[in-house]
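A structural walkthrough
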Amino acid sequence: MAQYPVNMDLRPKVDAFFDEATNTISYIVQDPTSDACAIVDSVMDIDYAAGRITHDHADRLIDTIRQRGLTLEWIIETHVHADHLSAAPYIQDKLGGKVGIGANIQLVQDTFGKIFNEGTEFQRDGSQFDALFQDGDTYTVGHMQGFAMFTPGHTPACMVHVMGDAAFVGDTLFMPDGGSARADFPGGDAGTLYDSIQKVLSLPDAMRLFMCHDYGPNGRDIQWETTVAEEKANNIHVGGGKTREEFIKFRTERDAQLAMPRLIIPSLQVNMRAGEIPTDQDGNPQLKVPVNKL
Ligand SMILES: [Fe+2]
């Protein structure tokens with residue numbers, strides 16, 4: 001395992017923005033010693049039935065950054081999301097910043113390039129992104145150093161991003177009473193997800209963990225922040241010392257019963273292009289629906 005440059009003395013300011021339509025949480029992460037910030041996992045709004053794209057959620061992040069006079073340096077995607085669209089290009093157009101994702105995006109582009117029958121003009125080399133992170137890669141947000149942890153399993157390109165004492169776990173973990181994300185998408189693997197979760201749980205106990213999703217299980221209010229210690233003790237899928245075999249059995253049986261996410265078809269087409277909407281031969285934005293391919 002890579003040696004990660006953990007720095008628990010650095011406490012970034014983290015603001016969360018919950019998206020009710022997709023149960024996604026987007027974050028603004030601010031360097032405590034400068035005006036620099038990063039966004040993790042932005043959301044673009046879609047009314048899929050109407051084919052209508054809007055930007056209310058992203059505008060909340062943009063307005064906040066402008067009101068505080070911050071400089072946006074990074075727009076990070078923890079992975080290619082299958083349940084919401086990224087607003088990375090819209091935000092970059094307004095505020096700048098570099099869009100980064102895990103280097104294995106190339107595998108995801110290759111898989112879904114085939115499923116969506118994309119032509120040769122669709123590059124499968126990750127070149128739509130400004131940065132492709134490898135395990136342990138570091139970057140800076142002002143004076144604050146962040147790093148990427150390779151955490152495949154939910155998808156083959158998932159990364160957890162750690163900035164100071166705050167880790168953005170993407171879809172490796174949910175809140176302790178929510179468990180873990182599914183591992184049955186193409187390139188996903190339950191055993192690999194278990195191993196990645198152990199990596200996250202090997203971070204310091206006091207590390208703040210920020211979820212990408214919360215569904216308010218059992219009627220509780222939406223939450224998005226916990227700690228490594230709480231997850232280790234209480235996570236219903238991996239806490240309390242559950243074994244890899246137990247996890248694989250449970251995860252595989254559960255995944256077999258899950259329906260496809262409502263927005264998987266538009267999400268994959270947009271997110272594998274770093275948030276750009278594909279176009280038809282005349283240059284008009286257009287999404288496809290491949291039949292019986294997922
Ligand atoms: Fe996901």
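Parameters at a glance
Residues numbered from 1 in each chain as written. Predicted model: local features only at pLDDT ≥ 70, side-chain atom pairs only at ≥ 80, totals over all residues. Heavy atoms only, no water. Pairing = 2+ DSSP bridges. Helix = DSSP H or I, 4+ residues; strand = E, 2+ residues; numbered from the N terminus. Axes fitted to C-alpha atoms, helices over the stretch in contact; angles between N-to-C directions. Parallel < 35°, antiparallel > 145°, perpendicular 65-115°, else oblique. Left-handed = near helix turned anticlockwise from the far one by under 90°. Contact = heavy atoms within 4.5 Å. Nonpolar A, V, L, I, M, F, W, Y, C, P; charged D, E, K, R; others polar. Polar contact = N/O pair within 3.5 Å; in protein donor to acceptor, adjacent residues only side chain to side chain. Salt bridge = Lys/Arg side-chain N within 4 Å of Asp/Glu carboxyl O. Buried < 20%, exposed > 50% of the residue type's maximum accessible area, 1.4 Å probe, protein only.

What follows covers the sheet that holds strand S9 (residues 138–141). Taken in spatial order, the six strands of this open sheet run S9-S10-S11-S12-S13-S14, and their pairing is mixed. Two strands in the sheet have a free side with no partner beyond their single neighbour: S9 and strand S14 (225–227). Mean inter-strand twist for the sheet, computed between neighbouring axes without regard to direction, equals 30 degrees. Judged from the three bridges that link them, strand S13 (residues 208–210) and S14 form a sheet pairing that is antiparallel. The partner of Arg208 across the bridge, within S14, is Thr227.

Contact pair helix H1 (residues 56–67) / helix H2 (residues 88–95): the axes reach a minimum separation of 10 Å and the direction vectors enclose 25 degrees. Between H1 and H2, the crossing angle belongs to the class labelled roughly parallel. In this structure, the crossing between H1 and H2 has a hand that is right-handed. Residue-level inspection shows Ala58, Asp59, Ile62, Ile65 and Arg66 of H1 in contact with H2, the latter providing Tyr90, Ile91, Lys94 and Leu95.

Okay, the packing of helix H4 (residues 190–201) against helix H6 (residues 244–255) next. Viewed as axis vectors pointing N to C, H4 and H6 meet at an angle of 130 degrees, and their least axial separation amounts to 9 Å. Judged on the interaxial angle alone, H6 and H4 are oblique. Considering the relative orientation of H4 and H6, their crossing is right-handed. For the pair formed by H4 and H6, the contact residues are Ala190, Gly191, Thr192, Leu193, Tyr194, Asp195 and Ile197 on the first element and Arg244, Phe247, Ile248, Arg251 and Thr252 on the second. Of the residues assigned to the contact of H4 with H6, the class counts are six nonpolar, three polar and three charged.

Right, let's talk about the side chain of Asp165 for a bit. With respect to the secondary-structure elements, Asp165 resides in the loop between strand S11 (159–163) and strand S12 (166–168). A polar side-chain atom of Asp165 sits 2.6 Å from a polar atom in the side chain of Arg11. Once residues within four sequence positions are removed from consideration, Asp165 is found in contact with Asn7, Met8, Leu10, Arg11, Pro12, Met207 and Arg208.

Per the counting criterion, the structure on display carries 15 salt bridges. Between Asp110 and Lys114 there is a salt bridge whose closest N-O contact spans 3.3 Å. Here Asp110 and its partner Lys114 are both found in helix H3 (residues 105–115), four residues apart, which amounts to about one turn of the helix. Judged by relative accessible area, which is 33%, Asp110 ranks as partly exposed. With a relative accessible area of 57%, Lys114 lands in the exposed category. Within this structure, Arg11, Asp165 and Arg208 form a network of salt bridges that share partners.

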